[in-house]
Amino acid sequence: MKNKFLGWIVKFLIILGIIGIAIFAGKLSAKAKEDGGRHKEKIEKEIDYLDAHITSLANKLNGIILESYKVSISKIREENATEKSGANSSDKKSGEKSETKGEESETSGEQTKLTKMEQELVGKEEDGEIDWNWMEGKTETLYSAWSTIVLDLYDIDVESSKILEFSNLLDKTVIDIKNKDEKSVAQTYAGLYSLVVDFSKKTEMGKEKKAAIEIKGDIIKAYAHVSSEDWDSVQAEIASAEKKATNLVNEVNKEDKPKKYNINKMYILLEELKNSLDTKEKRIFYIKYKNLIEEINTII
């Protein structure tokens, strides 16, 4: 009887041990999935950073102004009724100077939080000259980010040759900027962005976003060729972008996708850009390029 009782205790302890191991393994697995999810999100944000930074630098060469907005939150001290009625006219005027989009306020205690969408514009200096010092400084900021991004790219099995190519091209870009070689700088930015396209293919971001980045890569290469007035190469890159855009449109039109409207609008703007190429006018290209890139950015 005693042996039987001991046997039950041993079995009970074994079962408890198995359950404990299973729970521990489950927690490890959940943590690994959570860490993996965070890592994927981090890599995607790094791709987003390279996309936005390189595009901004390339656009700066020709004073392309893209509309973007930043959210700013300011706290406004609420005055009592007497103080409000005694506000001077200069205060009213200063309030009228602010043009905002998407304004909304939240009142808490004695303060009001005002959320504003403030338009940021990026372009050439007022005299139309390229600010090479600005270009050099902003390009060099890529180095600090790149040292971290490299490690994450290796983790998702990006070819070492592609990573090395980006590093070498970044060095060349800085040298070309110091030499104030506008045409060469345009080509190096396009080359850097092409490598970002390659990096994005290794990530697990959405199909539409990957396709939009790839299309944008062709558009930026076409934009770089415009600086050299190599219109045959411009035509070739636009044709490549059009083929990819057609595939994307056909894909999203099969079902109701969230970005369906933006993708169809992107295609229309791409066709408008293509139809304007016969003019071989840089200014017309830049206007249509600006509209197209802004729409692609809504998909990315």
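### Topic: the overall build of the protein
Now for step 1: Assigned secondary structure in the protein consists of ten helices and three strands.
Now for step 2: Counting from the amino terminus, the protein carries its helices and strands in the arrangement α-β-α-α-β-β-α-α-α-α-α-α-α.
Now for step 3: Per-residue burial for the protein yields a buried fraction of 34% across its 300 residues.
Now for step 4: Nonlocal contacts in the protein, meaning residues at least 24 apart in sequence, comprise 74% of its contacts between residues at least 6 apart.
Now for step 5: Only carbon and sulfur atoms are counted for the fraction: they give 53% of the accessible area of the protein, which is about 18,100 Å².

### A short note on the pattern of salt bridges
Pairs may arise between side chains of opposite charge once their charged atoms sit close together.
Now for step 1: Within the structure shown, the criterion is met by 21 salt bridges.
Now for step 2: A salt bridge links Glu 44 to Lys 209; the shortest N-O distance between them is 2.9 Å. Of this pair, Glu 44 sits in helix α1 (residues 2-60) while Lys 209 sits in helix α7 (residues 207-227), and the two are 165 residues apart along the sequence.
Now for step 3: Residue Glu 44 is classed as partly exposed on the basis of its relative accessible area, which comes to 25%.

### Quick look at unusual backbone geometry
Now for step 1: Unusually for a residue other than glycine, Lys 180 sits at a positive phi of about 55 degrees.
Now for step 2: Relative to the elements of secondary structure, Lys 180 occurs in the loop between α5 (160-178) and α6 (182-201).
Now for step 3: Located in the positive-phi region is Glu 229, a residue other than glycine, with phi close to 55 degrees.
Now for step 4: Structurally, Glu 229 can be placed in the loop between α7 and α8 (231-252).
Now for step 5: Overall, Glu 229 belongs to the partly exposed group, its relative accessible area being 49%.

### A closer look at α5
Now for step 1: For α5, spanning 19 residues, the distance from its first C-alpha to its last is 28 Å, which sits close to the expected 27 Å at 1.5 Å a residue.
Now for step 2: All of the buried residues along α5 are Ile 163, Phe 166, Leu 169, Leu 170, Thr 173, Val 174, Asp 176 and Ile 177. Projected onto a plane normal to the axis of α5, the buried residues spread over an arc of 160 degrees and lie on a single side. Exposed and facing more than 90 degrees away from the buried side of α5 are Leu 164 and Lys 178.
Now for step 3: Following α5 by one or two positions, Lys 180 adopts a phi angle in the positive range, close to 55 degrees.

### Topic: the packing of aromatic side chains
Now for step 1: What the rule picks out here adds up to seven aromatic pairs.
Now for step 2: Ring centres of Trp 146 and Phe 199 lie 5.9 Å apart, and the angle between their planes is 25 degrees; on these two criteria the pair is classed as stacked. Residue Trp 146 is found in helix α4 (residues 132-155), and its partner Phe 199 is found in helix α6; the two are separated by 53 residues along the sequence.
Now for step 3: Their ring planes at 65 degrees and their centres at 5.7 Å tell us that Tyr 223 and Tyr 286 sit as a pair that is edge-to-face. With Tyr 223 in helix α7 and Tyr 286 in helix α10 (residues 282-299), this residue pair connects regions lying 63 residues apart in the sequence.
Now for step 4: The buried category is assigned to Tyr 223, whose relative accessible area is 1%.
Now for step 5: Every member of this aromatic cluster is reached through a ring pair, and the members are Tyr 223, Phe 285, Tyr 286 and Tyr 289.
Now for step 6: We note Lys 60 situated over the ring of Trp 134; from NZ or CZ to the ring centre the distance is 4.5 Å.

### Some thoughts on the side chain of Ser 200
Now for step 1: In this structure, Ser 200 sits in helix α6.
Now for step 2: By relative accessible area, which is 1% here, Ser 200 ends up buried.
Now for step 3: Here Ser 200 is in contact with Ile 47, Met 205, Lys 210 and Ile 213, once residues within four sequence places are set aside.

### Here's the deal with α7
Now for step 1: When the terminal C-alpha atoms of α7 are compared, their 31 Å separation across 21 residues agrees well with the 30 Å that a helix rising 1.5 Å per residue should span.
Now for step 2: The buried fraction of α7 amounts to 17 of the 21 residues, a majority that puts the element mostly inside the structure.
Now for step 3: A positive backbone phi angle near 55 degrees is found at Glu 229, which sits one or two residues after α7.

### Points about the environment of Glu 182
Now for step 1: Secondary-structure assignment places Glu 182 in helix α6.
Now for step 2: Expressed as a C-alpha distance, the spacing of Glu 182 and Leu 61, which sit 121 residues apart in the sequence, is 7.2 Å.
Now for step 3: Not counting residues within four places of it along the chain, the set of residues in contact with Glu 182 comprises Leu 61, Asn 62, Ile 130 and Trp 132.

### Here's the deal with the packing of α4 against α5
Now for step 1: At a minimum axis separation of 10 Å, α4 and α5 run at an interaxial angle of 170 degrees. One element, α4, and the other, α5, form an angle in the roughly antiparallel class. Contact residues: Trp 132, Met 135, Glu 136, Thr 139, Glu 140, Leu 142, Tyr 143, Trp 146, Val 150, Leu 153 and Tyr 154 in α4; Ser 160, Ile 163, Phe 166, Ser 167, Leu 170, Asp 171, Thr 173, Val 174, Ile 177 and Lys 178 in α5.
Now for step 2: Partitioned by chemical class, the residues of the contact of α4 with α5 number 13 nonpolar, four polar and four charged.

### With respect to the nonpolar core
Now for step 1: If you look at the biggest cluster of nonpolar residues, it comprises 66 residues, and the most contacted ones within it are Phe 166, Tyr 189, Ile 219 and Phe 285.
Now for step 2: Only α1, α4, α5, α6, α7, α8, α9 (260-275) and α10 provide two or more residues apiece to this core.

### Things to note about the confidence of the model for the protein
Now for step 1: When pLDDT is averaged along the protein, the result is 79; 69% of the residues meet or exceed 70.
Now for step 2: Throughout residues 69-127 the model reports pLDDT below 50, and contacts reaching past four residues in sequence, or to other chains, amount to 80 contacts.

So, how was this worked out
- Residues numbered from 1 in each chain as written.
- Predicted model: local features only at pLDDT ≥ 70, side-chain atom pairs only at ≥ 80, totals over all residues.
- Heavy atoms only, no water.
- Helix = DSSP H or I, 4+ residues; strand = E, 2+ residues; numbered from the N terminus.
- Buried < 20%, exposed > 50% of the residue type's maximum accessible area, 1.4 Å probe, protein only.
- Contact = heavy atoms within 4.5 Å.
- Areas by Shrake-Rupley, 256 points an atom, 1.4 Å probe, with all protein chains shown as cover.
- Salt bridge = Lys/Arg side-chain N within 4 Å of Asp/Glu carboxyl O.
- Expected span 1.5 Å × (residues − 1).
- Arc of directions from axis to C-beta.
- Phe/Tyr/Trp six-rings, centres within 6.5 Å; stacked < 30°, edge-to-face > 60°.
- Lys NZ or Arg CZ within 6 Å of the ring centre and 35° of its normal.
- Axes fitted to C-alpha atoms, helices over the stretch in contact; angles between N-to-C directions.
- Parallel < 35°, antiparallel > 145°, perpendicular 65-115°, else oblique.
- Nonpolar A, V, L, I, M, F, W, Y, C, P; charged D, E, K, R; others polar.
- Core = buried A, V, L, I, M, F, W, Y, C linked by side-chain atoms within 4.5 Å.
- pLDDT = per-residue confidence, 0-100.

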